[in-house]
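Structural description and commentary
Each chain is listed here by its residues.
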Amino acid sequence: MAHTAMSGTGTTAGHDPLQTAVWRLRSRGCWTDAAALLASREGPAAALQRTQLLVERCLFTGDGWGEAEDGLRTAEALAVDDDDRGAAACERGQLAYAATVLSVRDRADEARTALGRAAALLAPNAPGRPLLDFRRGLMAEHLADSPQAARAAYRRAHAGATAHGDSLLLSFTWRHLAGLALREGELAEARHGFAESLRIREELGYLVGTAPALAALADAEPEPEAGRLRAEAARLFRLMGGVPSWLAQQLSPPAPAA
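The following refers to the structure shown.

The rules behind each value
Residues numbered from 1 in each chain as written. Predicted model: local features only at pLDDT ≥ 70, side-chain atom pairs only at ≥ 80, totals over all residues. Heavy atoms only, no water. Helix = DSSP H or I, 4+ residues; strand = E, 2+ residues; numbered from the N terminus. Rg over C-alpha atoms; globule rule 2.2 N^0.38 Å. Buried < 20%, exposed > 50% of the residue type's maximum accessible area, 1.4 Å probe, protein only. Contact = heavy atoms within 4.5 Å. Areas by Shrake-Rupley, 256 points an atom, 1.4 Å probe, with all protein chains shown as cover. Lys, Arg positive; Asp, Glu negative; His and termini not counted. Charge placed at Lys NZ, Arg CZ, Asp CG, Glu CD. Salt bridge = Lys/Arg side-chain N within 4 Å of Asp/Glu carboxyl O. Axes fitted to C-alpha atoms, helices over the stretch in contact; angles between N-to-C directions. Parallel < 35°, antiparallel > 145°, perpendicular 65-115°, else oblique. Left-handed = near helix turned anticlockwise from the far one by under 90°. Nonpolar A, V, L, I, M, F, W, Y, C, P; charged D, E, K, R; others polar. Expected span 1.5 Å × (residues − 1). Arc of directions from axis to C-beta.

Within the chain, the regular secondary structure consists of 13 helices and 0 strands. Helices and strands in the chain line up, N terminus first, as α-α-α-α-α-α-α-α-α-α-α-α-α. For the chain, whose C-alpha radius of gyration is 18 Å, the value lies close to the compact-globule estimate of 18 Å for 258 residues. In terms of overall dimensions, the chain has C-alpha extents of about 60 × 35 × 35 Å along its principal axes. Across the 258 residues of the chain, 52% fall into the buried class. Long-range pairs, those at least 24 residues apart, make up 60% of the contacts in the chain between residues at least 6 apart in sequence. By element, 53% of the accessible surface of the chain is carried by carbon and sulfur atoms, the whole surface being about 11600 Å². Across the chain, the 28 positively charged side chains and the 32 negatively charged ones have centroids separated by 1 Å.

Structural data, given as structure tokens:
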């Protein structure tokens with residue numbers, strides 16, 4: 001299972017035509033174009049959303065770090081209350097986590113500090129809290145190798161995403177809880193979680209996240225189903241132009257025995 005799963009920040013955009021267009025672009029991996037659409041909107045919310053898109057691009061492609069840093073500084077400068085500041089700190093933590101887990105630069109300490117700041121700023125019932133909990137789970141699982149702490153954080157994120165109706169984030173919490181179950185040999189639980197994650201992404205039309213969901217489910221299934229799922233994941237991966245980049249290694253066939 002890839003270390004570089006990113007988190008969702010919401011579902012589709014309701015009745016706002018601009019947000020609907022942003023979602024369509026984001027769901028197809030066109031993060032720069034989606035961010036450009038938001039240039040016509042001012043204020044902390046638009047700046048934060050642009051930053052989220054650019055950080056997500058870094059995690060999926062390993063590219064665009066400078067643009068993401070610039071967007072993040074703008075979001076931090078425009079923040080007017082604790083929710084804004086906490087959400088911006090959460091994005092800074094995610095960007096530092098992405099740089100670390102993709103071996104661009106070790107920014108683990110910065111990630112921990114930023115997520116700790118976000119936790120101090122965001123109230124327990126704040127809309128941004130489930131996303132923060134999820135990202136703290138990623139840190140615990142992939143940078144601290146603490147599956148127990150990760151599971152607790154993912155469960156908090158799962159409950160919060162359910163309460164806030166954040167279906168996309170639920171697809172990530174399902175997937176990561178399933179990944180922990182798979183590590184412990186709980187195949188039935190893992191299959192259920194991975195299948196739920198895939199179902200949600202297909203329903204939302206989150207195309208850029210569908211190949212990773214297929215590949216994750218394949219890890220919990222026996223042959224020939226596992227092979228069928230990986231073949232479908234590989235087809236989508238090629239369709240998306242090799243995004244997310246970290247999935248290539250997971251989809252590569254094993255080397256033949258000497």
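Per the counting criterion, the structure on display carries 24 salt bridges. For Glu76, the salt bridge is made with Arg92, and the minimal N-O distance between the two is 2.7 Å. Residue Glu76 is found in helix α4 (residues 65-78), and its partner Arg92 is found in helix α5 (residues 82-101); the two are separated by 16 residues along the sequence. Since its relative accessible area comes to 32%, Glu76 is described here as partly exposed.

Attention shifts here to the packing of helix α7 (residues 129-143) against helix α8 (residues 147-164). At a closest axis distance of 8 Å, the pairing of α7 and α8 adopts a crossing angle of 160°. On the basis of the axis angle, α7 is roughly antiparallel to α8. Between α7 and α8 the crossing geometry is left-handed. Contacts between α7 and α8 involve Pro130, Asp133, Phe134, Arg136, Gly137, Leu138, Ala140 and Glu141 from the former and Ala149, Ala150, Ala153, Tyr154, Arg156, Ala157, Gly160, Ala161 and His164 from the latter. Of the residues belonging to the contact of α7 with α8, the class tally is 10 nonpolar, 3 polar and 4 charged.

Looking now at helix α12 (residues 225-239). Under the 1.5 Å per step criterion, the end-to-end length of α12 is 21 Å for 15 residues, consistent within 8% with the ideal 21 Å. If you check which residues of α12 are buried, you get Ala226, Leu229, Ala233, Ala234, Leu236 and Phe237. Projected down its long axis, α12 carries its buried residues within an arc of 165°, all on one side. What points out from α12, more than 90 degrees from its buried face, is the exposed set Arg238 and Leu239. Where α12 is buried, its residues meet α11 (210-220) and α13 (247-251). One or two steps after α12, the chain reaches Gly241, where phi turns positive at roughly 75°.

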